[in-house]
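Structural features, examined
This is what each chain is made of:
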Amino acid sequence: QVRLVESGGGLVQAGGSLRLSCAASGNIFTIYDMGWYRQAPGKQRELVATITSGVSTRYAESVKGRFTISRDNAKNTVYLHMNSLKPEDTAVYYCNAEISDTEVPVLRDYWGQGTQVTVSS
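The sections below set out a description of the structure shown in this document.

Using the criterion set out here, one finds one disulfide in the structure. Covalent S-S linkage joins Cys 22 and Cys 95, the inter-sulfur distance amounting to 2.0 Å. Between Cys 22 and Cys 95, the S-S dihedral sits near -85°, and the bridge is therefore left-handed. Residue Cys 22 is located in strand 3 (residues 18–25), and its partner Cys 95 is located in strand 9 (residues 91–101); the two are separated by 73 residues in the primary sequence. Taken as a pair, Cys 22 and Cys 95 share a single burial class, namely buried.

Rendered as structure tokens:
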């Protein structure tokens, strides 16, 4: 079974920084696109950033210039470096990855359990 595990969340003051990590493990054949989403209380989950296997990136307008997504394919890991954090960034951040499982000949979306990021004003 393929699993995604996020880490690095926490409490920071506005203007601070955090680095989130998401490691994929299990019966992985190939990892394609990876990304980060977030969901604040009472709001829908939204895209934060994505990165393709070819390292092309895309960011939500609200985080451009502040967040950087990257990946280490050797470690099956995607990162989200968050700088100049704002209270509006407070949310549960979820890792997402498109993965072909060696036991399942289908490309599927996998999600981590989420990591809480809280930014105080």
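One pass over the full model with this rule turns up one aromatic pair. Looking at Arg 45, its charged tip hangs above the ring of Tyr 94, at a distance of 3.8 Å from the centre. Over the ring of Trp 111 we find Arg 45, and its NZ or CZ is 4.8 Å from the ring centre.

Hydrogen bonding along the main chain pairs the strands of a sheet, whether they run parallel or antiparallel. Sheet architecture is open: four strands sit in the order 1-3-8-7, paired in antiparallel fashion. One side of each edge strand has no neighbouring strand; the edge strands of this open sheet are strand 1 (3–7) and strand 7 (67–72). Strand-to-strand twist in this sheet, taken as the mean axis angle between neighbours without regard to direction, amounts to 15°. As defined by bridge partners, strand 3 adjoins strand 8 (residues 77–82) across six bridges and the pair is classed as antiparallel. Directly across from Cys 22, in strand 8, lies its bridge partner Val 78.

Oppositely charged side chains may form a pair once their charged atoms are brought near each other. Within this structure, the stated rule accounts for four salt bridges. A salt bridge links Arg 38 to Asp 89; the shortest N-O distance between them is 2.9 Å. Taken together, the residues span a long stretch of sequence, with Arg 38 in strand 4 (residues 28–39) and Asp 89 in the loop between strand 8 and strand 9 at a distance of 51 residues. A relative accessible area of 6% means that Arg 38 is categorised as buried.

Criteria and thresholds
- Residues numbered from 1 in each chain as written.
- Predicted model: local features only at pLDDT ≥ 70, side-chain atom pairs only at ≥ 80, totals over all residues.
- Heavy atoms only, no water.
- Disulfide = S-S within 2.5 Å.
- Helix = DSSP H or I, 4+ residues; strand = E, 2+ residues; numbered from the N terminus.
- Buried < 20%, exposed > 50% of the residue type's maximum accessible area, 1.4 Å probe, protein only.
- Phe/Tyr/Trp six-rings, centres within 6.5 Å; stacked < 30°, edge-to-face > 60°.
- Lys NZ or Arg CZ within 6 Å of the ring centre and 35° of its normal.
- Pairing = 2+ DSSP bridges.
- Axes fitted to C-alpha atoms, helices over the stretch in contact; angles between N-to-C directions.
- Salt bridge = Lys/Arg side-chain N within 4 Å of Asp/Glu carboxyl O.

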